[in-house]
Each structure stands twice: as C-alpha cells, then as structure tokens.
Amino acid sequence: MKILVLNCGSSSIKYQFIDSDKESVLAKGLVERIGMSSAVLTHEPLGKEKIRIVGEILDHTIAIEYVIAVLLSPNHGVIKDKNEIDAVGHRVVHGGETFTGSVLITPEVLKALRDNIELAPLHNPPNIKGIEAVTAHLPATPQCGIFDTSFHSAMPPKAYLYGLPYELYKRYKIRRYGFHGTSHRYVSERAADAVGRSINELKIITAHLGNGCSMAAINKGKSVDTTMGFTPLEGLLMGTRSGDIDPSLITYIMGKEGLSLGEMNTLLNKHSGLVGLSGESSDMREIETAVAEGNKKAINAFDVFIYRIKKYVGAYAAAMGGVDILVFTGGIGENSNLVRERVCEDMSFLGIELDMTKNENPPADGDLSAEGTKTKVFRIRTNEELVIAMDTKEIVDSMAKN
Ligand code: ADP
C-alpha cells in the first residue's frame with residue numbers, strides 16, 4: 001500500500017510518500033512559506049533528482065495540489081495516477097481525551113478535532129486544514145489521524161492530574177496529555193526488539209530530545225508518565241521553551257515586566273530554554289561549540305539541560321520500580337555524544353554505564369551500554385512517519401475486511 005504521510009503546520013507541510021509493504025520512502029519533501037507569494041516546495045524522490053519549486057502557494061489546499069502534482073511529475077514523480085495514493089495519514093498534535101488511538105477520519109472525527117482546537121490552538125487548526133485540503137483533491141481516499149497524545153492516554157490519574165481544583169479538570173479537561181507519543185512508542189518498541197524481549201516485560205525510559213524535548217516512562221509497553229503536560233511547554237529544558245518552572249513566576253514576571261498574557265506566553269515558549277539561558281542559540285550544536293569555548297552562560301544552559309534529564313531518569317526509575325532500557329532519540333539524542341555521555345555520567349547506581357567507544361561511534365540503532373551493565377542504553381533513530389504509515393495501513397486493511 002502506498003501512503004502519503006502529512007505533517008501540516010501553519011505555514012509548512014512536511015510529507016513522505018511511503019510504501020508500507022516495503023517500509024520504504026518513495027519520496028519526501030517540504031512545502032514552506034505557505035500563505036506567501038514566494039512559497040518553496042522541496043521534493044526528494046527516491047532514485048531521481050531532488051527539485052526545488054518556488055511559487056505562489058496561498059493556502060493548504062494549493063499546497064496539497066502542488067504535492068500531488070510533484071508526485072505525478074514525469075521527471076520527478078513516483079506515481080502515474082493519483083489513485084496510486086492508497087491512503088493518507090496525518091500527524092495530529094492533540095487528540096484530547098477523545099482519541100486514545102489512531103482513527104479513520106470521518107465527519108464525526110473532524111468535528112471532534114474541531115472541538116479540541118482550544119487544547120492546541122496553534123497545532124490542530126493547520127492539521128484540520130490539511131485534512132480538508134486532501135478531501136478537496138482526493139475525496140475518495142481514506143484519511144487517518146495519528147495523534148501525538150494518544151500513546152500517553154493510558155497514564156493513570158495520579159500521573160495526569162494536576163494539583164488544581166478537580167472541577168477545572170472536569171470543566172476544561174485540564175490534565176497532563178503528553179506529546180511526541182508516536183516517537184516514544186516507536187523507539188520503545190525498537191529497543192525491545194533489539195534486546196530480543198517482549199515489551200510487555202520491560203521498563204523503558206525514552207528521551208526524545210529535539211527542538212522540543214520530552215521523556216516518557218514506559219512500563220510493559222504503556223506510557224505511565226511523561227514530562228510534557230497540558231501543552232508541550234512542561235518538563236525538560238528545550239531549545240526555546242522553559243520546561244518546568246514555579247507557576248508563581250508567571251504572575252510575578254508579568255507584574256515586574258509589565259507583560260500581557262500573550263507576551264508572557266511568548267517569553268515562555270520562544271525566548272526561554274537554551275536560547276534564554278545562554279543568550280546564544282536554541283541550537284544544541286551551537287551551544288556545544290560555545291561550551292567548548294568556555295562561554296559561561298552556554299555552560300549553565302547546557303548543565304540545566306542535562307541535569308533535568310538526569311532528574312527525570314531518576315524519577316521515572318522510581319515511578320516504575322526500576323529501569324531496563326534508556327533510549328535516546330530526536331536530533332540531539334541521536335547525534336550528540338556529549339549529551340548522552342553527560343546524562344549517563346554517575347548513573348551506575350541505576351545500572352547505567354556507557355561504553356565510551358560505542359557512544360562516540362554509535363552503531364545504527366545500537367546498544368551503547370558497557371559490557372555487563374544491568375540497564376541498556378540505546379540510541380535509536382526515530383521514525384514517526386513510518387508509524388503513521390503503518391497505523392494508516394492497519395486501519396485501511398481492517399476497513400477492507402469489514
Ligand atoms: P525537531 O524537534 O524540530 O524535529 P530535531 O529532532 O531535528 O528537531 O532536533 C533538532 C536539534 O538537534 C537541534 O537542537 C540541533 O542542534 C540538534 N542536533 C542535530 N545534530 C546535532 C549534533 N550533531 N550534535 C548536537 N546536536 C545536534
């Protein structure tokens with residue numbers, strides 16, 4: 001089955017066209033600057049030349065038209081007829097409490113997604129626009145929604161409830177939801193495969209460290225806790241997001257600096273984290289360079305980043321009564337030897353010890369732990385698009401059977 005996987009943002013659409021039988025990517029690309037007259041589509045077809053098209057792409061419907069056209073293009077395309085797109089899988093950020101697994105998109109599902117807009121005002125509207133744009137061009141093609149939140153929906157109330165009046169949970173659905181669920185699920189399953197054991201008997205801690213960062217405690221294949229919360233702002237220090245802070249700071253800073261609600265929100269989401277503390281950059285490569293040059297603010301930012309991950313490793317080992325595998329993934333987790341080294345430093349009390357040679361030259365999706373250590377440390381390349389394609393295939397296959 002050939003599946004178009006879409007990740008629709010407000011001004012961009014990332015896509016992959018995946019052959020789910022071979023688990024291979026036939027083409028991938030990105031449409032950027034949607035809404036502008038100089039939007040850019042970059043398209044990389046398997047075995048053919050990469051192309052870059054600049055054009056006026058004023059909305060998501062036109063963007064999807066471009067994506068379909070380039071998939072059909074005689075020189076750069078990978079299909080001859082748009083009916084070869086068997087299904088479309090959408091990454092949807094927030095499923096709220098409604099969606100505990102991936103679903104076929106129906107008019108009822110679309111309505112429920114619209115009802116959840118308040119929970120993810122920045123993310124869900126472009127996801128919905130993407131679904132509507134596909135419907136406009138491929139009305140008969142099944143579309144599925146794969147949610148960032150659904151893997152965490154098995155969390156127990158003690159992990160998802162905040163210490164706020166319970167009525168607020170009932171009235172506004174205020175609770176921990178967690179994000180990056182597709183990635184946490186994928187890398188934990190890969191790690192279980194790699195140690196040759198059933199995920200149902202393992203305690204796994206996954207650290208997805210990219211521009212956004214989150215960790216999850218996965219006990220017997222189920223996410224029992226995660227660091228991101230009601231929104232993707234809570235938890236670890238991130239590129240531009242603060243992660244955990246004392247909630248009283250919000251009113252305190254607003255008072256001191258005379259900030260509006262919107263400005264405070266921007267401060268926490270865009271000007272905090274690595275960039276806020278270092279005053280240098282939100283990019284871990286640049287932070288590492290500044291650390292190597294002895295830049296004190298960058299060293300502080302890096303130390304806070306590492307320390308918080310270590311604290312959550314301890315917390316999640318306590319939450320699960322142990323840990324068998326620690327997995328690093330995401331742009332930083334996969335590529336930064338230094339981050340992995342520093343997180344695993346002085347962790348032998350949890351049976352965590354890195355093999356430094358393996359950490360510096362990590363084998364693909366390999367075990368980086370020192371010989372004979374109790375807890376295995378893995379670096380696994382995440383592949384959220386593949387999960388979306390495989391879930392879509394499963395849903396479409398089950399439709400065909402019914
Ligand atoms: P996103 O969360 O947007 O998907 P990524 O998962 O691609 O982002 O992660 C981006 C982060 O990965 C950036 O902070 C970048 O600096 C970091 N990164 C990428 N390569 C390296 C590297 N070799 N060493 C350290 N950090 C890296």
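As shown above, the structure is provided for reference.
Figured I'd write up the structure that's included with this text. (Residues numbered from 1 in each chain as written. Predicted model: local features only at pLDDT ≥ 70, side-chain atom pairs only at ≥ 80, totals over all residues. Heavy atoms only, no water.)

A few words now on the packing of aromatic side chains. Enumeration over the complete set of coordinates arrives at 5 aromatic pairs. Between the aromatic rings of Tyr-160 and Tyr-169, the centroid separation amounts to 6.0 Å while the plane-to-plane angle is 45°, which identifies the pairing as tilted. Each member of the pair Tyr-160 and Tyr-169 is classed as buried. Positioned above the aromatic ring of Tyr-160, the side-chain terminus of Arg-175 is 3.7 Å from the ring centre. The ring of Tyr-177 carries the charged tip of Arg-175 above its face, separated from the ring centre by 4.9 Å. (Phe/Tyr/Trp six-rings, centres within 6.5 Å; stacked < 30°, edge-to-face > 60°. Buried < 20%, exposed > 50% of the residue type's maximum accessible area, 1.4 Å probe, protein only. Lys NZ or Arg CZ within 6 Å of the ring centre and 35° of its normal.)

A separate point is the packing of helix 11 (residues 296-320) against helix 13 (residues 337-344). At a minimum axis separation of 9 Å, helix 11 and helix 13 run at an interaxial angle of 55°. Judged on the interaxial angle alone, helix 13 and helix 11 are oblique. You can see that helix 11 and helix 13 cross each other, and the crossing is right-handed. In this structure, helix 11 contributes Phe-302, Asp-303, Phe-305, Ile-306, Ile-309 and Lys-310 to the contact, and helix 13 contributes Leu-338, Val-339, Arg-342 and Val-343. (Axes fitted to C-alpha atoms, helices over the stretch in contact; angles between N-to-C directions. Helix = DSSP H or I, 4+ residues; strand = E, 2+ residues; numbered from the N terminus. Parallel < 35°, antiparallel > 145°, perpendicular 65-115°, else oblique. Left-handed = near helix turned anticlockwise from the far one by under 90°. Contact = heavy atoms within 4.5 Å.)

To continue, consider the sheet that holds strand 10 (residues 213-219). Strand pairs in the sheet, formed through backbone hydrogen bonds, run parallel or antiparallel to each other. Pairing in this open sheet of 5 strands is mixed, and the strands run 11-10-9-12-13 from one edge to the other. Each having just a single partner strand, strand 11 (222-226) and strand 13 (376-379) make up the two edges of the open sheet. The mean inter-strand angle of the sheet, taken between neighbouring strand axes irrespective of direction, is 25°. Each of strand 9 (203-209), strand 10, strand 12 (325-329) and strand 13 touches helix 6 (residues 181-195); the most contacted strand, strand 12, lies at about 130° to it. Strands strand 9, strand 12 and strand 13 of the sheet are contacted by helix 13, whose axis makes an angle of about 155° with strand 12. (Pairing = 2+ DSSP bridges.)

A separate point is the environment of Thr-392. When you line up the elements, Thr-392 lands in helix 15 (residues 384-401). Considered as a pair, Thr-392 and Leu-368 are 24 residues apart in the sequence and their alpha carbons are 33 Å apart. Setting aside chain neighbours within four positions, we find Thr-392 in contact with Ile-3, Ala-87, Val-88, Gly-89, Cys-144 and Ile-146. Polar side-chain contacts of Thr-392 include one of 2.6 Å to the backbone oxygen of Ile-388. (Polar contact = N/O pair within 3.5 Å; in protein donor to acceptor, adjacent residues only side chain to side chain.)

Close to the ligand lie 13 residues, the nearest being Asn-211, Asp-283, Met-284, Arg-285 and Gly-331. Within the backbone of Arg-285, an N or O atom sits 3.2 Å from an oxygen atom of the ligand. At 3.5 Å from a nitrogen atom of the ligand is found a side-chain nitrogen or oxygen belonging to Asn-335. When the ligand is considered free in solution it has 580 Å² of accessible area, and contact with the protein chains removes 69% of it. Counting only elements with at least two residues in the shell around the ligand, the list comes to helix 10 (284-292) and helix 12 (330-335). Ranked by residue count, the leading element in the shell around the ligand is helix 12, at 4 residues. By residue class, the composition of the shell around the ligand is 2 nonpolar, 8 polar and 3 charged. (Near = heavy atom within 4 Å. Areas by Shrake-Rupley, 256 points an atom, 1.4 Å probe, with all protein chains shown as cover. Nonpolar A, V, L, I, M, F, W, Y, C, P; charged D, E, K, R; others polar.)

Here the focus is a nonpolar patch on the surface. A contiguous nonpolar surface patch, about 270 Å² in accessible area, is contributed by Ile-245, Leu-249 and Tyr-252. With respect to the element layout, Leu-249 can be found in helix 7 (residues 248-257). Taking the relative accessible area as the measure of exposure, Leu-249 reaches 34% and is therefore partly exposed. (Patch = residues over 30% accessible without salt bridge, like charges linked within 9 Å, V, L, I, M, F, W, Y side chains within 5 Å. Salt bridge = Lys/Arg side-chain N within 4 Å of Asp/Glu carboxyl O.)

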